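Each chain, letter by letter, is given below.
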Amino acid sequence: MKILKGLSASVGIALGKAGLYSLDDYINIPHYKIPESQIDNELKRLNNAFLLAASKLENMVDRSRDLFGEEGKSIISAHLAILNDPHIKEKIEAMIKSRHINAEHALEDVFEDYIKRLTRHGLHFEEISHDVKDVRDRLIESFSQAQGRFTCPVNKKEGIIVVSERLTPSMLLHIPRENVLAFVTHQGGYTSHATILARSMDVPVVFGIDINQIDCNADMIVDGTVGTVHVWPDKKTLDRYIKKQEQQKKRKDFCLLKRKHPVQTKEGLRINLKVNISTMGEIDLLKKYVIEEETKGIHYDGIGLLRTEFIFMRGESVPSEEEQISIYRNILQQTSGKSVIIRLLDISPDKTPAFIEAMIKGKQTSDIRGARAIAMYKDVYITQVRSILRSAVHGQVKILFPMVADIDDLYIAKNLVDEAASSLKKEGKKFSLPPLGIMFETPSSVMLADQLLREVDFANIGTNDLLQYSVAASRESLTSQESYHIMHPSVVRMIEMVTRSGRQQGKEVCLCGEVSSFEQFYPVLLDAGVISYSVPVTKYEDIKCELLHISESDYKGKMEQYLTFLRLKDQNKYFEFNDKK
Ligand code: PEP
Ligand code: MG
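Notes on the structure in this doc start here. (Residues numbered from 1 in each chain as written. Chains lettered and ligands numbered in written order. Predicted model: local features only at pLDDT ≥ 70, side-chain atom pairs only at ≥ 80, totals over all residues. Heavy atoms only, no water.)

1. Observations regarding the overall build of the protein
Then comes step 1: Per the secondary structure count, the protein includes 23 helices and 17 strands.
Then comes step 2: Across the 581 residues of the protein, 55% fall into the buried class.
Then comes step 3: Long-range contacts, defined here as pairs at least 24 residues apart, represent 72% of the contacts in the protein between residues at least 6 apart.
Then comes step 4: When the accessible surface of the protein is split by element, carbon and sulfur atoms take 52% of a total near 25400 Å². (Helix = DSSP H or I, 4+ residues; strand = E, 2+ residues; numbered from the N terminus. Buried < 20%, exposed > 50% of the residue type's maximum accessible area, 1.4 Å probe, protein only. Contact = heavy atoms within 4.5 Å. Areas by Shrake-Rupley, 256 points an atom, 1.4 Å probe, with all protein chains shown as cover.)

2. Some details on the packing of helix α7 (residues 235-257) against helix α20 (residues 540-549)
Then comes step 1: In the contact formed by α7 and α20, the axes pass within 10 Å of each other and the chain directions differ by 70°. Here α7 is positioned roughly perpendicular relative to α20, judged by the angle of their axes. Counted together, Arg251, Lys252, Phe254, Cys255 and Leu256 of α7 and Glu541, Asp542, Cys545, Glu546 and His549 of α20 form the full contact between these two elements.
Then comes step 2: When its residues are assigned to classes, the contact of α7 with α20 shows 4 nonpolar, 1 polar and 5 charged. (Axes fitted to C-alpha atoms, helices over the stretch in contact; angles between N-to-C directions. Parallel < 35°, antiparallel > 145°, perpendicular 65-115°, else oblique. Nonpolar A, V, L, I, M, F, W, Y, C, P; charged D, E, K, R; others polar.)

3. Digging into the nonpolar core
Then comes step 1: If you look at the biggest cluster of nonpolar residues, it comprises 111 residues, and the most contacted ones within it are Phe183, Phe401 and Tyr533.
Then comes step 2: When residues in this core are grouped by element, the largest group, 8 residues, is from helix α14 (residues 407-426).
Then comes step 3: By size, the runner-up hydrophobic cluster in this structure holds 31 residues, among which are Ala54, Ile92, Ile96 and Leu107. (Core = buried A, V, L, I, M, F, W, Y, C linked by side-chain atoms within 4.5 Å.)

4. Observations regarding the coordination of the magnesium ion (ligand 2)
Then comes step 1: Of the protein atoms, only Glu441 (OE) and Asp465 (OD) coordinate the magnesium ion (ligand 2), at distances of 2.0 to 2.2 Å. Taken together, the positions of Glu441 in the loop between β14 (436-440) and α15 (443-447) and Asp465 in helix α17 (residues 463-471) put the pair 24 residues apart, joining distant regions of the chain. Asp465 shares its class with Glu441; the two are buried. (Donors = N, O, S within 2.8 Å, 3.2 Å for Na, K, Ca; no water.)

5. Points about the site of ligand 1
Then comes step 1: Arg307, Arg343, Gly462, Asn464 and Arg475 are the nearest of the 15 residues found near ligand 1.
Then comes step 2: Gly462 places a main-chain nitrogen or oxygen 3.3 Å from an oxygen atom of ligand 1.
Then comes step 3: Coverage of ligand 1 by the protein chains reaches 100% of its 290 Å² of free accessible surface.
Then comes step 4: Elements that contribute at least two residues to the shell around ligand 1 include exactly α6 (193-200), β11 (303-307) and α17.
Then comes step 5: Looking at the shell around ligand 1 element by element, the count peaks at 3 residues for α17.
Then comes step 6: A class-by-class count of the residues in the shell around ligand 1 yields 4 nonpolar, 5 polar and 6 charged. (Near = heavy atom within 4 Å. Polar contact = N/O pair within 3.5 Å; in protein donor to acceptor, adjacent residues only side chain to side chain.)

6. Regarding the pairing of strand β9 (residues 228-231)
Then comes step 1: Of the two faces of β9, the one holding Thr228 and His230 and the one holding Val229 and Val231 are both buried throughout.
Then comes step 2: The pairing of strand β1 (residues 2-5) with β9 spans 4 bridges and is classified as antiparallel. In the strand pairing of β9, Lys2 is matched with Val231.
Then comes step 3: Counting the residues between successive antiparallel strands, the hairpin from strand β8 (residues 219-223) to β9 contains 4 residues, one of them, Gly227, with a positive phi of roughly 80°. (Pairing = 2+ DSSP bridges.)

7. Topic: the side chain of Arg390
Then comes step 1: Locating Arg390 in the fold gives a position in helix α13 (residues 378-391).
Then comes step 2: Within the local environment of Arg390, its side chain forms a polar contact with the side chain of Glu321, the two groups lying 2.7 Å apart.
Then comes step 3: Not counting residues within four places of it along the chain, the set of residues in contact with Arg390 comprises Glu321, Glu322, Ile325, Leu424, Lys429, Lys430 and Phe431.

8. Focus on the pairing of strand β10 (residues 272-277)
Then comes step 1: In terms of residue burial, β10 counts as a mostly covered element, since 5 of its 6 residues are buried.
Then comes step 2: Judged from the 3 bridges that link them, β10 and β11 form a sheet pairing that is parallel. Residue pairing in the sheet places Asn276 in a bridge with Leu305 of β11.

9. Describing α6
Then comes step 1: Most of α6 is tucked away, with 8 of its 8 residues classed as buried.
Then comes step 2: Every buried residue belonging to α6 is among His193, Ala194, Thr195, Ile196, Leu197, Ala198, Arg199 and Ser200, and all of these are buried.

10. A look at the side chain of Ser517
Then comes step 1: Its location among the elements puts Ser517 in the loop between β16 (508-511) and α19 (522-527).
Then comes step 2: When its relative accessible area of 4% is taken as the criterion, Ser517 is described as buried.
Then comes step 3: Within the local environment of Ser517, its side chain forms a polar contact with the backbone oxygen of Glu514, the two atoms lying 2.6 Å apart.
Then comes step 4: Apart from residues no more than four positions distant in its own chain, Ser517 is found in contact with Arg199, Pro536, Lys539 and Ile543.

Here it is as structure tokens:
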């Protein structure tokens, strides 16, 4: 038996077999038949691969000149010319349609034929064929990019412990939820968007593991509570974990009995408990966990954060106003009349829609957040706001602006709403002006909280970004995880400051960063004055259960106690804090 120690990103216990998942290029290009109904989808995949490969090459043109001079630039430009040759793409499309084969297979055959014909024409053309091969590989890479595959046969029916170097949002969209028991990775972060998605699947997630120690199909135990992974566990360990799993199930069942109670502490302090939604799949979970119970009298306080990026990441173009309206209306219809806080598109390095990727041409997405994104992609944002204002006629909608750093940013966002409203008015379209709020996720906004809160109707605190911009540690990278404590003392202080300011001005301030998914931190958060939370759907029941069991004596004075607690550079120490009460 091997015991590997990592960091827990999502709690729970999983027992099962390892499936090694690779995000690298395909070694063998997959060949399979597709039904007639899948042809359009396959053509879209092909188009996406061409777009992605082209945008990467375009980004490389200038860089290659800087690195290798004019010759370097001309090589990359030649690759781009091959890629942009319409005949190649048309041939691949025709082959997909006529032979009903997957896009990678068709691409391989068309390129093989092209390369063969070139090599027949002598040495010079043989050299060109190397460039053609390179373009082919780049395209193949674009298919597998961030999506990947299992590198050994796995029994999907039994469920798999997915072992991978890292997680990516597209990979998570690719592996069906029902096949996954847990995720174990080397790289990762508590609040990377991929982890947030994985957590929303309600499975344990452990990162920081040396995955080379794990063989494919090895028996494994993943303990997401303490962040350990057992490979080939012995009988005694296995029995201990089976027992633990049963106990956890019992606690869950006990909590379920309490689901009809409103969310409040033992003394009856009413807490607003909302949910974060980052995918359409979570809406289904919301119905399963929460809303069906609503009809039996359960209370939930709506969607506290709708991350709209998933709407923009589905295709290669900006969804139209009508398409967006139908998505927002659909969500409103499925949330039983509760309020839905829709956050405007928040572009960030790990969740960049393909159309933006193609447009930014070499710029860092971290440079175009918040108000700068609104200025750069005005049309995209106007369309989004127009569709929200029009959807607001059908339910309780609120608009949330991400990454507001100061009052100027806020005015830019507010002007956007005014502009969208006046265009709708001119066109005689029905719309409604929803309450407006901001995300506190930069230290700058926290320092200016009093001023900003006066200008809005409500606010959310986004601790995931707030932390990374406070302690200069990326939320994505394993190297900086040591400094990225999700309950860092500075963040606790900032949460308290914004909450106090909100209370003084009578504005609701809701905590929606990932800290709110950890039960352990609630005594400190309650003591900091937070009485509104938005949590991943899959954590709703657990958090509610925790709040129902908490009394004033559990949390009074906990914040100062926490802030003076030993600040070891060990995240697990922070998780242990609550056990010491
Ligand atoms: C945050 O930054 O805490 C937040 C909730 O937003 P996101 O995780 O989508 O960046
Ligand atoms: Mg954020």
